[in-house]
Amino acid sequence: MEGELFTTKMSSNSKETIILSDWIHRALAEVDLSALAGKKRYASSKTYGTDPSQWPSTIRNSMALCSDDYLMPALRVAYSLANQICKEGETGKSPPLSVDWVDNIVVYINDRVGRVSMCDSDRRDSDRRGSLDSLAFLDSLGFDPSDAGGDNFADNLIESIIHDHDGKKKENNESDQCIEEGCDSIRAEFAPFMFNTNDDGLGRDAMQCIHCLGVVFYVLFSGGERPAAHFPAATQVVEQKISGKSDTEPDKISQDLSKDLDPLPFDQAPIDLAGELSILDSVGDDEYVHDLLGDNKFDDAPRHPNLNKKHASQQIRNSNKSSVPVESLREKGLPNPLCDLVSNMLDCTNATLSGEDSYQSMSDVRSDLRLMLDNPNTFLRDLDMTKLSTTGAQFIEKTMFGRNVELSTIKDAYRRSLSGECGLVTISGTSGTGKSLLANEFGKFVSAGGGIFLSGKFDQLQQGKPFSALASTFDQYCGILLHEDMVSTKKEVAFQLRSILGKESYHLTKIIPNLATILGSELPVLNNSEDCINAQKRVQYLLCQFVEVISSTSSAPIALFLDDLQWADAASIAAVNQLLFAAGPLSRMNFFFLGCARETDLQWPGVDILVAGGIEIKLDCMDEHTLNAMVSETLCLSPRLTRNLSNVIYHKTKGNPLFVSRLMCSLNKEGLLRPSLSRRRWEWDIKKIRSRKLPDDVAIFLTDSLGELPDNVQWSLFILSCFGASSKSAFVESQGLDRSILENLEIAVAEGLVDKIDDQYRFAHDRIQEAAYNTIPAHRRSIIHFKYGLELSSLLIGDEDTSASVLFTAVNQLNLGGPPAVHDESHNFTAARLNLRAGKKAMEMSDYETAYSYFDSGISFLRKKHWQEHYTLSVELFTLAAKCALTNGNHTSLKLLIAEVVVKAHFFEDKLDVLYFETCALTYSYRLAESIEKGLDILSKLGIEVQGTNVEVRVQETKDLLSTHTDDEILNSKQMIDPTMIIAMKFLGKLEAGMTQLMPKSVLYVAFKIIELSLTHGMSPVSPIGFAYYGSYLAKQGNINEGYHYVKLALSLLDKVGSRENAGEVILVCTQVKSYVEPLQAALEYHREGYSAAMASGDNTQAVINMLALNASSFFAGANLQRIQEQCDNNIQICEERKQLIFMVQAQQVQRTLSKLIGTGEEPKYSSEGRDILASNSSVLRSYLYQTAYVSFIFRSYDDTIENIEKYFALQETTWGILLLAHAVHAFHTGLISFWVARKSKEQRWYQRGNQSKLALRKWAESSQWTFENKWYLLEAEESFCKNDVETAKTYYEKAITSAKHHKVR
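Predicted model only: the values in this text are computed from it and were never measured. (Residues numbered from 1 in each chain as written. Predicted model: local features only at pLDDT ≥ 70, side-chain atom pairs only at ≥ 80, totals over all residues. Heavy atoms only, no water.)

Some thoughts on the overall build of the chain
Line of reasoning, step 1. Per the secondary structure count, the chain includes 64 helices and 14 strands.
Line of reasoning, step 2. Buried residues in the chain amount to 57% of all 1306 residues.
Line of reasoning, step 3. Partitioning the contacts of the chain with sequence separation of at least 6, the portion at a separation of at least 24 is 74%.
Line of reasoning, step 4. Only carbon and sulfur atoms are counted for the fraction: they give 49% of the accessible area of the chain, which is about 54500 Å². (Helix = DSSP H or I, 4+ residues; strand = E, 2+ residues; numbered from the N terminus. Buried < 20%, exposed > 50% of the residue type's maximum accessible area, 1.4 Å probe, protein only. Contact = heavy atoms within 4.5 Å. Areas by Shrake-Rupley, 256 points an atom, 1.4 Å probe, with all protein chains shown as cover.)

As for the packing of helix H43 (residues 871-888) against helix H45 (residues 912-924)
Between two packed helices, what matters for the description is the angle formed by their axes and the separation of those axes.
Line of reasoning, step 1. Interaxial distance between H43 and H45 falls to 9 Å at its minimum, and their mutual angle equals 10°. Classed by the angle they form, the pair H43 and H45 counts as roughly parallel. The residues of H45 that touch H43, namely those facing Thr879, Ala882, Lys883 and Leu886, are Asp913, Val914, Phe917, Cys920, Ala921 and Tyr924.
Line of reasoning, step 2. The residue inventory of the contact of H43 with H45, partitioned by class, reads seven nonpolar, one polar and two charged. (Axes fitted to C-alpha atoms, helices over the stretch in contact; angles between N-to-C directions. Parallel < 35°, antiparallel > 145°, perpendicular 65-115°, else oblique. Nonpolar A, V, L, I, M, F, W, Y, C, P; charged D, E, K, R; others polar.)

Description of the sheet that holds strand E7 (residues 558-563)
Line of reasoning, step 1. A sheet is described by the order of its strands in space; here five strands give the open sequence E6-E7-E8-E5-E9, paired in parallel fashion. The open sheet has two free edges, formed respectively by strand E6 (452-457) and strand E9 (615-619), since each of these has just one partner strand. Pairs of neighbouring strands in the sheet enclose a mean axial angle of 15°, with direction left out of account.
Line of reasoning, step 2. In this sheet, strand E8 (residues 591-598) lies alongside E7 in parallel orientation, the contact comprising five bridges. Counted as the bridge partner of Leu560 is Phe593 from E8.
Line of reasoning, step 3. Helix H21 (residues 404-417) contacts strand E5 (424-429), E7, E8 and E9 of the sheet and is inclined by roughly 165° relative to E9. (Pairing = 2+ DSSP bridges.)

Some remarks on the packing of aromatic side chains
Aromatic ring pairs are described here by two measures, namely the spacing of the ring centres and the angle between the planes.
Line of reasoning, step 1. For the structure shown, the criterion picks out 35 aromatic pairs.
Line of reasoning, step 2. Considering the side-chain rings of Tyr541 and Tyr1091, the 6.3 Å spacing of their centres and the 90° angle between planes classify their relative orientation as edge-to-face. Of this pair, Tyr541 sits in helix H27 (residues 535-554) while Tyr1091 sits in helix H54 (residues 1080-1096), and the two are 550 residues apart along the sequence.
Line of reasoning, step 3. Of note, Lys1074 hangs over the ring of Tyr1086, and the distance from its end group to the ring centre comes to 3.7 Å. (Phe/Tyr/Trp six-rings, centres within 6.5 Å; stacked < 30°, edge-to-face > 60°. Lys NZ or Arg CZ within 6 Å of the ring centre and 35° of its normal.)

Focus on the nonpolar core
Line of reasoning, step 1. Phe546, Phe591 and Phe1027 are the most contacted members of the largest nonpolar core, which has 224 residues in total.
Line of reasoning, step 2. Every residue in contact with Phe591, bar those within four places of it in the chain, is listed here: Ser417, Gly423, Val547, Ile558, Leu560, Val576, Leu579, Leu580 and Ala583.
Line of reasoning, step 3. Counting 69 residues, the second-largest nonpolar core is a separate cluster that includes Ala78, Leu213, Val216 and Leu329. (Core = buried A, V, L, I, M, F, W, Y, C linked by side-chain atoms within 4.5 Å.)

Digging into the pattern of salt bridges
Line of reasoning, step 1. Considering all chains together, one arrives at 39 salt bridges under this definition.
Line of reasoning, step 2. Here Asp340 ties to Arg330 by a salt bridge, and the two come within 3.0 Å at their closest N and O atoms. Of this pair, Asp340 sits in helix H17 (residues 336-346) while Arg330 sits in helix H16 (residues 327-331); the two residues are ten residues apart in sequence, bridging distant segments of the chain.
Line of reasoning, step 3. Accessibility expressed as a relative area gives 16% for Asp340, which makes it buried.
Line of reasoning, step 4. With a relative accessible area of 8%, Arg330 lands in the buried category.
Line of reasoning, step 5. Its salt-bridge partner being Lys959, residue Glu1042 comes within 4.0 Å of it at the nearest N-O pair. (Salt bridge = Lys/Arg side-chain N within 4 Å of Asp/Glu carboxyl O.)

Notes on the packing of helix H40 (residues 825-844) against helix H41 (residues 848-861)
Line of reasoning, step 1. At a closest axis distance of 8 Å, the pairing of H40 and H41 adopts a crossing angle of 165°. Between H40 and H41, the angle is such that the two are roughly antiparallel. Read as a crossing pair, H40 and H41 show a hand that is left-handed. For the pair formed by H40 and H41, the contact residues are Asn828, Ala831, Ala832, Asn835, Leu836, Ala838, Gly839, Lys840, Ala842 and Met843 on the first element and Tyr848, Thr850, Ala851, Tyr854, Phe855, Ser857, Gly858 and Phe861 on the second.
Line of reasoning, step 2. Grouping the constituent residues of the contact of H40 with H41 by class yields eleven nonpolar, six polar and one charged. (Left-handed = near helix turned anticlockwise from the far one by under 90°.)

A closer look at unusual backbone geometry
Line of reasoning, step 1. Residues other than glycine seldom take positive phi values, yet Ser555 does so here, at roughly 50°.
Line of reasoning, step 2. As for its placement among the helices and strands, Ser555 is situated in the loop between H27 and E7.
Line of reasoning, step 3. In the Ramachandran plot, Arg1196 falls in the positive-phi region, its phi being about 55° despite a non-glycine side chain.
Line of reasoning, step 4. Along the chain, Arg1196 turns up in the loop between helix H59 (1178-1194) and helix H60 (1198-1210).

Here's the deal with the environment of Ile649
Line of reasoning, step 1. Within the secondary structure layout, Ile649 lies in helix H30 (residues 639-653).
Line of reasoning, step 2. Taking the relative accessible area as the measure of exposure, Ile649 reaches 1% and is therefore buried.
Line of reasoning, step 3. With sequence-adjacent residues up to four places away left out, Ile649 is seen in contact with Leu627, Val631, Lys654, Val660, Leu663 and Met664.

A look at the pairing of strand E10 (residues 673-676)
The side chains of a regular strand alternate between both faces of the sheet.
Line of reasoning, step 1. Judged from the four bridges that link them, E10 and strand E11 (residues 681-684) form a sheet pairing that is antiparallel. Within E11, the residue paired with Ser676 across the bridge is Arg681.
Line of reasoning, step 2. Count of turn residues in the E10/E11 antiparallel hairpin: four residues, of which Arg680 carries a positive phi of about 60°.

Regarding the environment of Ala1261
Line of reasoning, step 1. Note on placement: Ala1261 falls in helix H62 (residues 1244-1263).
Line of reasoning, step 2. A relative accessible area of 6% places Ala1261 in the buried class.
Line of reasoning, step 3. Linking Ala1261 and Val1077, residues 184 residues apart in sequence, is a C-alpha distance of 8.9 Å.
Line of reasoning, step 4. Setting aside residues no more than four positions away along its own chain, Ala1261 makes contact with Phe1268, Glu1269 and Trp1272.

Brief notes about the side chain of Glu1279
Line of reasoning, step 1. By secondary structure assignment, the location of Glu1279 is in helix H63 (residues 1265-1282).
Line of reasoning, step 2. The contact partners of Glu1279, leaving out residues within four places of it in the chain, are Phe1235, Asn1251 and Lys1254.

With respect to helix H28 (residues 570-582)
Line of reasoning, step 1. Helix length check: H28 (13 residues) gives 18 Å between terminal C-alpha atoms against 18 Å at 1.5 Å per residue, within 8%.
Line of reasoning, step 2. Counting buried positions along H28 yields eleven of 13 residues, so the element is predominantly enclosed.
Line of reasoning, step 3. Those residues of H28 not exposed but buried are Ala571, Ser572, Ile573, Ala574, Ala575, Val576, Asn577, Gln578, Leu579, Leu580 and Phe581. (Expected span 1.5 Å × (residues − 1).)

Remarks on the environment of Ile1124
Line of reasoning, step 1. If you trace the backbone, Ile1124 turns up in helix H56 (residues 1121-1137).
Line of reasoning, step 2. Sequence separation between Ile1124 and Ser1113 is eleven residues; the distance between their C-alpha atoms is 9.9 Å.
Line of reasoning, step 3. Residues within four places of Ile1124 in sequence aside, it is in contact with Asn1111, Ser1114, Phe1115, Ala1119 and Leu1154.

A closer look at the confidence of the model for the chain
Line of reasoning, step 1. With 77% of its residues at a pLDDT of 70 or more, the chain shows a mean pLDDT of 77.
Line of reasoning, step 2. Counting contacts from residues 160-183, a segment whose pLDDT is below 50, to residues more than four positions away or on other chains yields 49 contacts. (pLDDT = per-residue confidence, 0-100.)

Have a look at this one:
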């Protein structure tokens, strides 16, 4: 049957086998020339049209040879042959030396990839005859031609390859060996008889073996042409080596072979680019096939990409000769690297002719083929020599080398973070080791997987900008949401943020300007008198909510990369820490953080507060192997060819990637590393490179390199460095700076020192920025900074929001100059005033660390008599600096600032703010008695007396005052505007919190005064606190309904007073009262709201208390214990992170109870401070004794229960003057314990204690059957059971069960 002679279908592994020579013709015939003709680079229109069938056969053949449809399968064939020789060589076998290997090779083709179609029978018969000519040679190798079956020789040859030497068919895994190597579509194999015998000496000459395979490759890539006719002398040498005979002396053979042939040249002199480029006019990447006919007859035919003229072709033919001519391959338009590979293999015939590029081992051949297959754009395609001659090797800094292990580590950490594990990785290393490249490579992975990768960079000279890199990163993302194709996402983000953040979104818009555009509607104006306890904590919380929204809205994880952490501001680091902390297993937010910092500068701000569990990756410099890979890929040359160059570079740079890249650019600029137009590849002068002297440090090298630039370019780079790592060109044009620097910066771009991305100039590396900055002495830099700061300050006119960036830039420049740079006294006032303005702007952005630095700098610019000459400015600077110091916890600076104002301020009213800050500091330090004393003293000086003698009289006076106002009138009261009254209200608010714990009887007096001042002078942010505490006090006294009325009024006031800074505290107090009226399950959501409100205002204390109350309420409501334990664990972590030790100890007590009930039995680990609190704080100790007694009771440990409950009752309840849910919880459980002990001890006092608890629950059940009725019934049952009244007890037990079911209480 036609076709059976040369093809066999292997059903076992779905492969087709075919003789190599036949495959070549069939593969070429399969190339779709019509598809290629439609491409620009293959167009041949005028003379022949677009129908390839009308083109000359030489044109069609060359087009097919150069197409990827043929080249890539042919490379796979070549690789599989080289691989087979290497594999057999490992077992001591090698094929016999011969130039006729091509006749004994079979190609395997996968069915699933598609088979080459059958060619016409005439060509098949011709190829078959060509195969039969080699029978004599096969006979000499022990292959009996008689076994070939006459005309069935090819079939039997294929059959011998398919089966092993014992006649058994090869297993699939053996025939699929090449698939594992990556050649899954096609592979080739020598006939088995080629390796029948071990190496007996004939195959020991590795060079001749490479040559023989080179002959095969020549045939393969030439389309079936045999090279023997072109180099008979070379063939003779091979045959003589095989036979062991030689009629020609080697030297004579070498001389004959080398006649009229020159070895590959190496140009020792610098390239004359103008001369060489003159022969390449009209060169273009789109032209592909060289003029095959040697003249200009086919000007419209497809051409070689860079050889457009006949004389250019001739020059290359003359300059790239080898012992075996491969010019015919170049003339066919084959890629120059492939032609060089074949040439270097064929050069191995004679040591005299083989140059330094010749192959030394078959494994090198295999490696080079693998590179061409894996990365054809780098190692196979022709280089654009024209472009390289003008741009050089600047692109080498943008590729990552040798960091695959580290990249895999980051990817694994990222994947684990998606399941709730800690998502923190930091990369450290010396400058220039490729930290940023590694991070950006990871970013590609995140984006490819559907994640959101956000990146930012901190800047040493822009540290004064609040949240600098972090804020700009989120602002860029919001800018993306403003694009037209993101409308739906933008609307969803806006809706979610409005729902979750409400008015607090204003604070985010101050640091993320594009967010204001997304939210759209008019935002509330910031109340400058707002008393945010910790503004940075507020922003941290708001950022967490923001990230959670964009993560959930996009259904994608967020990966944040911040570079140069050594320059990070503390506020940004703290915010990142909070984001990591919030992204736990219970969160909807998937957040991963990757940071980079220099190894020598790892003491960056905030490092001590980074969450534990992160991964640290240290990058070292590259080893020699990795550096050679970098040089190889950069120069598009095989690693074997670049090894000598990379070895010299390694010893000069120690493998620092930045040093390597800049050195190579420098070598290129000097002509020591240059593109050769004659050889169409890179070349170098290794002797001159080796002798060049270099500094050991990359910074010195960069500085020296900058010194070689023109003076005006150096100056422009210095100016750019003064403003940070990057600046927009519009900044230079609009800020009145020297506009000529733009032209100079373009020169720096051409030198590869600066990147121009869109309209922004950015230093290619931060070490280049530092080198440029250090070109000017420090004392001159100070003067220049201050000069530019003054020039920029003149532009600060108009809208403050739009000029915020200019403001920060100008003030940073002034501060970098500092007071020593001032030569005009008026400039001291200007600098101080601008620092005050920048500090206020930073406070609006909730960055109190940065704000403090501005106020401090402003103070440093003040002259000696500033309290007399600039009194108002001085008061503002010192007062706001004190507020920032309080917020930042800088108590040492706070004391100094307060002392200065108290002594120097002219009026008592000007001292009130710092005195209030002093009171707050005492409260936060839990020095409540001192805080109360200080507050009462200040209020007394303001004419406000708080304490009284008769509580009942005060209660009646408050009721009488409130009776004259309806709820609507109270809600619509005017706002308080008197500054003295506003600060007085703040003092009263602080007193309320302290007195509740230490002086519970005085709580009512403070609440009454707050209400009185609010109704007289207007409502302030403190007003809701007065109504909340007043209502809670009434409820504690038993008037729950009236108390419930006023706590609801307090909650309504929160939205009327223009600020929710006290919302966390108000919601906490009010929810405790509401728990006695509304179903307890509803209170759970109220406390979550209270936590969010407290966090949104930066009130960590109230946030933690709300979480403690949530845990207690959940437990009393019968929620799932495992869920409560998770909440409790999270609460403890929050307390530890925020150093809320008192509340952490209380949370640990609850954690212990839950652990005992669940069955794990873990004991809490108290710190030494925690043990001190437990021993000294009666409120905490009382709670501990209650929890311990309850657990002992549950497990019926009588003695332990008695011991702890007795101690509990011994402590008098004097710590809280308001109603808490804990009162009901304790009453219920102590009642159960009392009746249980009474049954056992028969002591009357236990009956009395149980009865007191029962009566309390019965009263509370009147206000809330949902929460307390079942518990009251249960105590009634226990009391009846103690009295042996079983029937009554049974009745109440049944009522308790029914009530619990009805009210869904467990």
